[in-house]
Amino acid sequence: ETGVTQTPRHLVMGMTNKKSLKCEQHLGHNAMYWYKQSAKKPLELMFVYSLEERVENNSVPSRFSPECPNSSHLFLHLHTLQPEDSALYLCASSQGLAGWTGELFFGEGSRLTVL
Amino acid sequence: AQTVTQSQPEMSVQEAETVTLSCTYDTSESDYYLFWYKQPPSRQMILVIRQEAYKQQNATENRFSVNFQKAAKSFSLKISDSQLGDAAMYFCAYRSFDGSEKLVFGKGMKLTVNP
């Protein structure tokens, strides 16, 4: 496995379900990110973790709960979502925040549909 | 707050021809980074090219080059000798030099390459 891997690639859930998105990076990076990508809107930064510590929480509703158990893994726990939460959720990693030049390495995304 | 605007949602180009994608941004800062990212269909988003605002010389990466006009806050991407593999969503992005972990993205532009 190389790069950034996201699972599942597609997820359909009801508004009362609880599910999780998983991200794993094999690049030796120490910063990881969750972005939300909706059609015809800019990418929205949701969370940033550096060395497993959350450094950014971009006013995301509490129905989204991130977890970063180590520098290689990142989860996004989902519960009681709304239909407007349907989107492509992108995970990314970078070499670190100090001296970071802005290059992000993205996964292919998890396409979430909330019914 | 910084904003990034990509005013053209879609463009098309004939294979082997040249196309220019436009991007404007708004900032009060003097130092920053600008980026173009490419997202092919169902594949990872990748960095195409990066420009540091303090550099007067326009960045170039093989067939990709930028026209950076700092005073006009314009940052266009030129793709020469377009190839079928260039078909993708293209996102312009901005990052401050202030240590922020955020990349501010535009809405993206869909490029179609016609054979």
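Residues numbered from 1 in each chain as written. Chains lettered and ligands numbered in written order. Predicted model: local features only at pLDDT ≥ 70, side-chain atom pairs only at ≥ 80, totals over all residues. Heavy atoms only, no water.

## A look at the packing of aromatic side chains
Then comes step 1: Inspection of every chain in the model, using the stated rule, returns 14 aromatic pairs over all chains.
Then comes step 2: Judged by centre distance (5.3 Å) and plane angle (65°), the rings of Tyr 25 of chain B and Tyr 32 of chain B are edge-to-face. Accessibility classification places Tyr 25 of chain B together with Tyr 32 of chain B in one group, the buried group.
Then comes step 3: Both rings, one in Phe 35 of chain B and one in Tyr 37 of chain B, keep their centres 6.2 Å apart while their planes meet at 45°; by these two values the pair is tilted.
Then comes step 4: Exposure remark for Phe 35 of chain B: the relative accessible area of 0% places this residue in the buried category.
Then comes step 5: Joined through ring pairs, the aromatic side chains of Tyr 33, Tyr 35 and Phe 106 of chain A together with Tyr 33, Phe 35, Tyr 37, Phe 91 and Phe 105 of chain B make up one cluster. (Phe/Tyr/Trp six-rings, centres within 6.5 Å; stacked < 30°, edge-to-face > 60°. Buried < 20%, exposed > 50% of the residue type's maximum accessible area, 1.4 Å probe, protein only.)

## Describing the pairing of strand 8 (residues 64–69) of chain B
Residue and element names in this part refer to chain B.
Then comes step 1: The pairing of strand 7 (residues 60–61) with strand 8 spans 2 bridges and is classified as antiparallel. When the bridges of strand 8 are listed, Glu 61 appears paired with Phe 64.
Then comes step 2: If you look at the hairpin formed by strand 7 and strand 8, you'll find 2 residues sitting between the two strands, and Asn 62 has a positive phi there, around 55°.
Then comes step 3: Across 6 bridges, the pairing between strand 8 and strand 9 (residues 74–79) is antiparallel. Counted as the bridge partner of Ser 65 is Lys 78 from strand 9.
Then comes step 4: As consecutive antiparallel partners, strand 8 and strand 9 are separated by 4 residues, and within that stretch Lys 73 has a phi angle of approximately 55°, a positive value. (Pairing = 2+ DSSP bridges. Helix = DSSP H or I, 4+ residues; strand = E, 2+ residues; numbered from the N terminus.)

## Looking at the side chain of Gln 51 of chain B
Residues and elements named next belong to chain B.
Then comes step 1: Locating Gln 51 in the fold gives a position in strand 6 (residues 46–52).
Then comes step 2: Among the polar contacts listed, one links the side chain of Gln 51 to the backbone oxygen of Lys 55, at a separation of 3.2 Å.
Then comes step 3: One polar contact links the side chain of Gln 51 to the main-chain carbonyl oxygen of Gln 57, over a distance of 3.1 Å.
Then comes step 4: If sequence neighbours within four positions are ignored, Gln 51 has contacts with Tyr 32, Tyr 33, Leu 34, Gln 57, Asn 58, Ala 59, Val 66, Phe 68 and Phe 75. (Polar contact = N/O pair within 3.5 Å; in protein donor to acceptor, adjacent residues only side chain to side chain. Contact = heavy atoms within 4.5 Å.)

## Side note on the interface of chain A and chain B
Then comes step 1: Across the contact, 25 residues belong to chain A and 19 residues belong to chain B.
Then comes step 2: Between chain A and chain B, a total of about 1800 Å² is buried, with carbon and sulfur atoms accounting for 53% of that surface.
Then comes step 3: By the criterion of area lost to chain B, the three top residues of chain A are Trp 100, Thr 101 and Phe 106 of chain A, representing 27% of everything that side buries.
Then comes step 4: Our count for the chain A to chain B interface comes out at 0 salt bridges.
Then comes step 5: Along the contact surface separating chain A from chain B lie 2 residue pairs in polar contact (both at pLDDT 80 or more).
Then comes step 6: It is strand 4 (residues 31–37) of chain A that provides the largest number of residues to the side of chain A that touches chain B, a total of 3 residues.
Then comes step 7: A class-by-class count of the residues in the side of chain A that touches chain B yields 14 nonpolar, 5 polar and 6 charged. (Buried area = accessible area lost by both parts, 1.4 Å probe. Salt bridge = Lys/Arg side-chain N within 4 Å of Asp/Glu carboxyl O. Nonpolar A, V, L, I, M, F, W, Y, C, P; charged D, E, K, R; others polar.)

## Some details on the layout of surface pockets
Then comes step 1: Looking at the largest pocket, its volume works out to about 710 Å³.
Then comes step 2: Those elements that provide at least two residues to the lining of the largest pocket are strand 10 (88–96) and strand 12 (109–114) of chain B. (1 Å grid on protein atoms, 1.4 Å probe; cavity = no way out; pocket = protein on both sides within 12 Å on 5 of 7 lines; lining within 4 Å. Points joined across faces, edges and corners; volume = space filled by probe spheres on them.)

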